[in-house]
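Listed below are the residues making up each chain.
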Amino acid sequence: MKLGKYLFLIALAPLACGRLCQSGTETQSFRSLAETPWRLAQSSDPQVSRTLTNFNFLIVTFARNNTGDIKRVLDNDQYETPVQTLVWVPDVANGTLRIQYTSAGSTEAGDAGTFDYRYTLNRQLEMTDKATGYTYRYVPYKGIVDPDTVCTF
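Residues numbered from 1 in each chain as written. Predicted model: local features only at pLDDT ≥ 70, side-chain atom pairs only at ≥ 80, totals over all residues. Heavy atoms only, no water.

Caption draft 1: Up close: the overall build of the protein. The helix and strand tally for the protein stands at one helix and nine strands. A burial count over the protein gives 44% of its 153 residues as buried. Of the roughly 8,200 Å² that the protein leaves accessible, carbon and sulfur atoms contribute 50%. (Helix = DSSP H or I, 4+ residues; strand = E, 2+ residues; numbered from the N terminus. Buried < 20%, exposed > 50% of the residue type's maximum accessible area, 1.4 Å probe, protein only. Areas by Shrake-Rupley, 256 points an atom, 1.4 Å probe, with all protein chains shown as cover.)

Caption draft 2: Representation of the pattern of salt bridges. Per the stated rule, a full pass over the model turns up two salt bridges. With a closest N to O distance of 3.7 Å, E80 and K71 form a salt bridge. (Salt bridge = Lys/Arg side-chain N within 4 Å of Asp/Glu carboxyl O.)

Caption draft 3: Quick peek at the nonpolar core. Residues F62, L86, I99, Y101, L125, M127 and Y138 are the most contacted members of the largest nonpolar core, which totals 22 residues. For this core, the secondary-structure elements that each account for two or more residues are β1 (38-43), β2 (57-62), β5 (84-91), β6 (96-103), β7 (110-121), β8 (125-129) and β9 (135-140). Once residues lying within four places of it in the same chain are set aside, the contact partners of L86 are V60, F62, N66, T67, G68, D69, I70, I99, Q100 and Y101. The next biggest cluster of nonpolar side chains, apart from the first, holds five residues, and it includes L52, F57, V73 and Y141. (Core = buried A, V, L, I, M, F, W, Y, C linked by side-chain atoms within 4.5 Å. Contact = heavy atoms within 4.5 Å.)

This is the structure in structure tokens:
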């Protein structure tokens, strides 16, 4: 499976606590994907859900010029160099989104695939891969979580 596919398939493993991380939940809906960076919080893909924790995750940014990038947080360190760049084309009327991924790493640079999603945007971003049916829930990214915080997204 291509890296681009994996980046959107990563999900948070279920945690046993009831406290929400960064509990300042949004009170109003977002109108554009470009309004905030997004943190992948949950996915229905069981293959990769075990690889993501409160301290290991991806941040997706959609720029207003229909480009964007994906950055990584590993062991609570946020890396500024993107692992992938993207070009996104929304069809707002139909609630669909096409994303073309390009690997940004020097050893893996190149086309990482184009994927089509159904999406809804309100206080969070929810996407469903049209080919696989896997769902992805993103929350507004507000920074890394303190290491002594026990919570779930």
